[in-house]
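Survey of secondary and tertiary structure
If you want the building blocks of each chain, they are given just below.
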Amino acid sequence: MSTLTQKKGFGATIWDFLTTVDHKKIAILYLLAGGFFFIVGGIEAVLIRMQLAVPNNDFVSAGTFNEIITMHGTTMIFLAAMPILLGFMNAVMPLQIGARDVAFPFVNALGFWLFFFGGVFLNLSWFLGGAPDAGWTSYASLAIHSKGHGVDFYVLGLQISGLGTLIGGINFLVTIINMRAPGMTYMRMPLFSWTTFVASALILFAFPPLTVGLTLMMFDRMFGSNFFVVANGGNTVIWEHLFWIFGHPEVYILILPAFGIFSEIFSTFSRKRLFGYSSMVFATVLIGFLGFMVWAHHMFTTGLGPVANAIFAVATMAIAVPTGIKIFNWLFTMWGGSVKFTTPMYWAFAFIPSFVMGGVTGVMLGTAPADYQYHDSYFVVAHFHYVIVGGVVFGIFAATHYWWPKMFGTMLNETLGKITFWLFFVGFHLTFFIQHFLGLWGMPRRVFTFLPGQGYETSNMISSIGALFMSLGVIVLLINVVMTSVKNVKVGNDPWEDGRTLEWTIPSPPPFYNFKQLPLVRGLDPLWLEKTAGKKGMTPAEPLGDIHMPNSSFIPFMISFGLFFAAFGVLYNGEKSWAVPVIIIGLLITFGSMLVRSVKDDHGFHIHKEELMDENDKGVKA
Amino acid sequence: MANQQLNSRNPRVDLEYRRRKSAEEMRYQVVSFSLMIFLTLVAFAAVAIKGFTAWFTAPFIVLLAFVQVIFQLYYFMHMSHKGHEAPSLFLYFGLFFALVMALAFMTIIWW
Ligand code: HEM
Ligand SMILES: [Cu+2]
């Protein structure tokens, strides 16, 4: 494969990525797009901290500030963290369960392009009259009255990208249920595949409420309905419920894959089986289930009444139990292991105390009466950044270093990796630790400035300096990526030398069909088992035979582009004369592409046994 | 039936067995189909016949609908077969979450 890509011209490579249905290439697309949005969201974060560095600042206006915080939150959650995690799931999960691709490769590509066009649409708001400004939660009481088209961009952009995420999740579920290699039972699945499974189930159940909420909001704002308009008998609290029924599971959609990443890293670099594997699986499923029972803890102060508050408070605190199980299992995995401190292990090691602090403030917030004090203060901001940055973003950095060699065949520089770690780790605690106290001292969240003489100056300054350190860390990572790609030193199957799971049994990057012969899985950590039995690789579970592969297709791009196009018409409906034709043309593109897909037979192609044998003879194995 | 895995590559091996199995399957389908038509008629009758109050007919029809859903899922969509554990698990969880949400909307949203 690598020689093939080298010969290809630039245009051909682009076309290859626009039409690909290969899960490994889609993973790279997710990482590129998610990484881009991560940088955009990061720049917004830096602007926020610049504005808040000193009191009475007029670096940005109040209105612009609202747009920046809204876009920062929305971008980071929907367009950066989740797609990057979906990217790693795409890259690694099929390899870990011993599959040649996901169940529906075409749908996989469609999911990516929907997310991508939704994200682009949302961000175009900056150039088309102003970004959304009602917060990432877009509470209806604010959003309905927001002037301009900002919130419309939010509604339509998230609707399109949410569709992509939903079908991505369904695809992963079907893949894991149906496509595990021979011997790969559920209870032998690596933890990252397990967390992918549970997170996908959460996507399946959590995104429909968001879709409903966004649809109601779309009708209220663009077509004159009154679901959330109090003056006409609507109710804004319904939006809050719909949003948080989605929103709380969403935070677990983010953290569970990160838990999976760390589980792989802890056991690989402690060179030990994951401690309490079955309890880890149990805790993952339980967290997923409880995640749906707690959404009202975001709404304690809306006046649900003491009974409802008490029920949701208890349910919220219950989640700390399975989370605690996981923390102890990670600690016991390291205990007595021969621990190797690689860059991924640095992130994993630092994750434990950072995330536990976020969990503790979570339980504090979950105490309903106390939440009346904390709510909408910087304390909440500190809480969720501790869990999201200390958990999810650390996980993303760890996974980037850990799986980079598998995805790209080169090893990121370890020294630069550790510099990134220290800069980011110090910057993170500098930025967010002090925010707990800012909150307790009374600084509300989402304010565009503060007055001097209230005791907030030094702390805000410290917080802004921390943001500088984090930015430097990210820049060092980018330098690392560029340097590694330029040097292009190729590595073998198992570059960390301690690989335990199936992805380390095949070349880096894997051939496009992944496994020449599906491996026979004999237990948890299959590669490790074979290694301890004195073997180099897996025993094949099937004779060498033809492999059936799907054809590339440009249709997913067109389906998504049609929706993107139509969204402009919906947005300017009733304002511009071209609105309705644009809606119609856009939908024609989408449904026309779907029709082409349905009527045109595409049976894919076969890689013949002989071609596979040829490669064999070139000297990998006898 | 994609879900019935053969142990042998020879499709004739348990032809007899599979024929009997299919016949049995067919009988279930016909029985449940006639039952469903019958239940639908009962539902119409409950509305058409004078003398029942709405307090009786409404819950009664809902009950019949519930039975119909079970028939539909288990006999027509083959959820009773082996290999459908995962779909039924997801169905029941989805149902459960939806009911929790409906309960919350009915109890804790104030107007
Ligand atoms: C032990 C576990 C956790 C508990 C008990 C908990 C509890 C809470 C509570 C009660 C709030 C509402 C605070 C308020 O607005 O007054 C909250 C906010 C939040 N939590 Fe957590 N949490 C936990 C873990 C997590 C995790 C793992 C994540 C994400 C990965 C997360 C992300 C968030 C976010 C984003 C918000 C703020 C949403 C907003 O208002 O913008 N939490 N948490
Ligand atoms: Cu929550």
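Owing to the predicted nature of the structure, the values given are computational and were not obtained by experimental measurement. (Residues numbered from 1 in each chain as written. Chains lettered and ligands numbered in written order. Predicted model: local features only at pLDDT ≥ 70, side-chain atom pairs only at ≥ 80, totals over all residues. Heavy atoms only, no water.)

1. Examining the overall build of chain A
For chain A, the count of helices and strands is 21 helices and two strands. Buried positions account for 58% of the 622 residues belonging to chain A. Within chain A, contacts between residues separated by at least 24 positions form 82% of all contacts whose residues are at least 6 apart in sequence. Accessible surface for chain A amounts to roughly 24000 Å². Of this, 71% is attributable to carbon and sulfur atoms. In chain A, the 33 positive side-chain charges and the 32 negative ones have mean positions that sit 8 Å from each other. (Helix = DSSP H or I, 4+ residues; strand = E, 2+ residues; numbered from the N terminus. Buried < 20%, exposed > 50% of the residue type's maximum accessible area, 1.4 Å probe, protein only. Contact = heavy atoms within 4.5 Å. Areas by Shrake-Rupley, 256 points an atom, 1.4 Å probe, with all protein chains shown as cover. Lys, Arg positive; Asp, Glu negative; His and termini not counted. Charge placed at Lys NZ, Arg CZ, Asp CG, Glu CD.)

2. A few points about the nonpolar core
Residue and element names in this part refer to chain A. In terms of nonpolar packing, the biggest core is built from 176 residues, with Phe 78, Phe 88, Trp 330, Phe 394, Trp 403 and Phe 424 touching the most fellow members. The element that contributes the greatest number of residues to this core is helix H9 (residues 236-270), accounting for 20 residues. When neighbours within four sequence positions are excluded, Trp 330 is seen to be in contact with Phe 259, Phe 262, Ser 263, Phe 266, Leu 274, Met 280, Phe 351 and Ile 352. (Core = buried A, V, L, I, M, F, W, Y, C linked by side-chain atoms within 4.5 Å.)

3. Overview of the coordination of the iron atom of ligand 1
The sole protein-derived ligand of the iron atom of ligand 1 is A:His383 (NE2), positioned 2.1 Å away. Here the iron atom of ligand 1 and the copper ion (ligand 2) are spaced 4.4 Å apart. (Donors = N, O, S within 2.8 Å, 3.2 Å for Na, K, Ca; no water.)

4. Comments concerning the coordination of the copper ion (ligand 2)
Working reference: metal with six octahedral donors, ideal angles 90 or 180 degrees; metal with four tetrahedral donors, ideal angle 109.5 degrees. Looking at the metal site, the copper ion (ligand 2) is ligated by A:His248 (ND1), A:His297 (NE2) and A:His298 (NE2), spaced 1.8 to 2.1 Å from it. Spacing between the donor residues of the copper ion (ligand 2) along the chain follows H-x48-H-H.

5. Topic: empty space enclosed by the protein
Residue and element names in this part refer to chain A. Summed over the entire model, instances satisfying the criterion amount to two cavities of 30 Å³ or more. Estimated volume of the largest cavity: approximately 100 Å³. Forming the walls of the largest cavity are 13 residues, and the residues nearest its centre are Leu 191, Glu 264, Ser 267, Leu 274 and Asp 525. Sorting elements by how many residues they give to the lining of the largest cavity places H9 first, with four residues. Of the residues in the lining of the largest cavity, the class split is six nonpolar, four polar and three charged. In this structure, the second largest cavity encloses a volume near 60 Å³. Looking at the second largest cavity, the residues that line it are Tyr 30, Phe 78, Met 82, Pro 83, Leu 86, Gly 111, Phe 115, Ser 161, Gly 162, Gly 164, Thr 165 and Phe 207. Every element with two or more residues in the lining of the second largest cavity is listed here: helix H4 (62-96), helix H5 (105-124) and helix H7 (150-178). (1 Å grid on protein atoms, 1.4 Å probe; cavity = no way out; pocket = protein on both sides within 12 Å on 5 of 7 lines; lining within 4 Å. Points joined across faces, edges and corners; volume = space filled by probe spheres on them. Nonpolar A, V, L, I, M, F, W, Y, C, P; charged D, E, K, R; others polar.)

6. Some thoughts on the site of ligand 1
All names here are of chain A. The full set close to ligand 1 counts 22 residues, and Trp 136, Asp 371, His 375, His 383 and Arg 445 are the nearest of them. His 383 places a polar side-chain atom, nitrogen or oxygen, 2.8 Å from a nitrogen atom of ligand 1. Every element with two or more residues in the shell around ligand 1 is listed here: H9, helix H13 (343-366) and helix H15 (378-408). The leading source of residues in the shell around ligand 1 is H13, at six residues. Class assignment for the residues of the shell around ligand 1 results in 12 nonpolar, eight polar and two charged. (Near = heavy atom within 4 Å. Polar contact = N/O pair within 3.5 Å; in protein donor to acceptor, adjacent residues only side chain to side chain.)

7. Remarks on the packing of H4(A) against H9(A)
All names here are of chain A. It is the contact of H4 with H9, at a shortest axis distance of 11 Å, that shows an interaxial angle of 45 degrees. Looking at the two axes, H4 sits oblique to H9. Helix-helix and strand crossings are classified by hand; for H4 and H9 the assignment is left-handed. Seen from H4, the contacting residues are Ile 77, Phe 78, Ala 81, Met 82, Leu 85, Met 89 and Gln 96; seen from H9, they are Phe 246, Glu 250, Ile 253, Leu 254, Pro 257, Ile 261 and Glu 264. Of the residues assigned to the contact of H4 with H9, the class counts are 11 nonpolar, one polar and two charged. (Axes fitted to C-alpha atoms, helices over the stretch in contact; angles between N-to-C directions. Parallel < 35°, antiparallel > 145°, perpendicular 65-115°, else oblique. Left-handed = near helix turned anticlockwise from the far one by under 90°.)

8. Here's the deal with the interface of chain B and chain A
Facing 14 residues of chain B, the contacting portion of chain A comprises 24 residues. Here chain B and chain A share an interface that buries about 1600 Å² over both sides, 87% of which is from carbon and sulfur atoms. The tally of links from chain B across to chain A stands at zero salt bridges. Among the residues making up the side of chain B that touches chain A, the classes are represented as 13 nonpolar, one polar and no charged. (Buried area = accessible area lost by both parts, 1.4 Å probe. Salt bridge = Lys/Arg side-chain N within 4 Å of Asp/Glu carboxyl O.)

9. Considerations on the confidence of the model for chain A
Residues and elements named next belong to chain A. Confidence along chain A averages 94 in pLDDT terms, with 97% of residues attaining 70 or more. For the stretch residues 1-5, pLDDT sits under 50, and the model shows two contacts to residues farther than four places along the chain or on other chains. Low pLDDT (under 50) marks residues 617-622, which in the prediction has two contacts with non-local residues, meaning those over four places away or in another chain. (pLDDT = per-residue confidence, 0-100.)

10. Some remarks on the domain arrangement of chain B
Accessible area lost during the coming together of the parts is what is often quoted as the interface size. All names here are of chain B. As assigned here, chain B comprises domain 1 (1-80) and domain 2 (82-111). Roughly 500 Å² of surface becomes buried between domain 1 and domain 2 when both sides are summed, with 59% attributable to carbon and sulfur atoms. Summed over the shared surface of domain 1 and domain 2, the result is zero salt bridges. Applying the counting rule to domain 1 against domain 2 returns zero residue pairs in polar contact (both at pLDDT 80 or more). Considered class by class, the residues forming the side of domain 1 that touches domain 2 number four nonpolar, three polar and no charged. (Domains from an automatic or database assignment.)

11. Examining the packing of aromatic side chains
Residue and element names in this part refer to chain A. Per the stated rule, a full pass over the model turns up 90 aromatic pairs over all chains. Where Phe 259 meets Phe 355, the ring centres are 5.4 Å apart and the plane angle is 85 degrees; that geometry is what we call edge-to-face. Highlighted residues: Phe 259 in helix H9 and Phe 355 in helix H13, separated in sequence by 96 residues. Residue Phe 259 is classed as buried on the basis of its relative accessible area, which comes to 2%. Residue Phe 355 is classed as buried on the basis of its relative accessible area of 8%. Ring geometry for Tyr 374 against Phe 379: centres 4.5 Å apart, planes inclined by 20 degrees, an arrangement best described as stacked. Considered together, Tyr 374 and Phe 379 belong to a single accessibility category, that of buried residues. For Arg 180, the ring lying beneath its charged end belongs to Tyr 186, and the centroid distance is 3.9 Å. Over the ring of Phe 106 we find Arg 597, and its NZ or CZ is 3.7 Å from the ring centre. (Phe/Tyr/Trp six-rings, centres within 6.5 Å; stacked < 30°, edge-to-face > 60°. Lys NZ or Arg CZ within 6 Å of the ring centre and 35° of its normal.)

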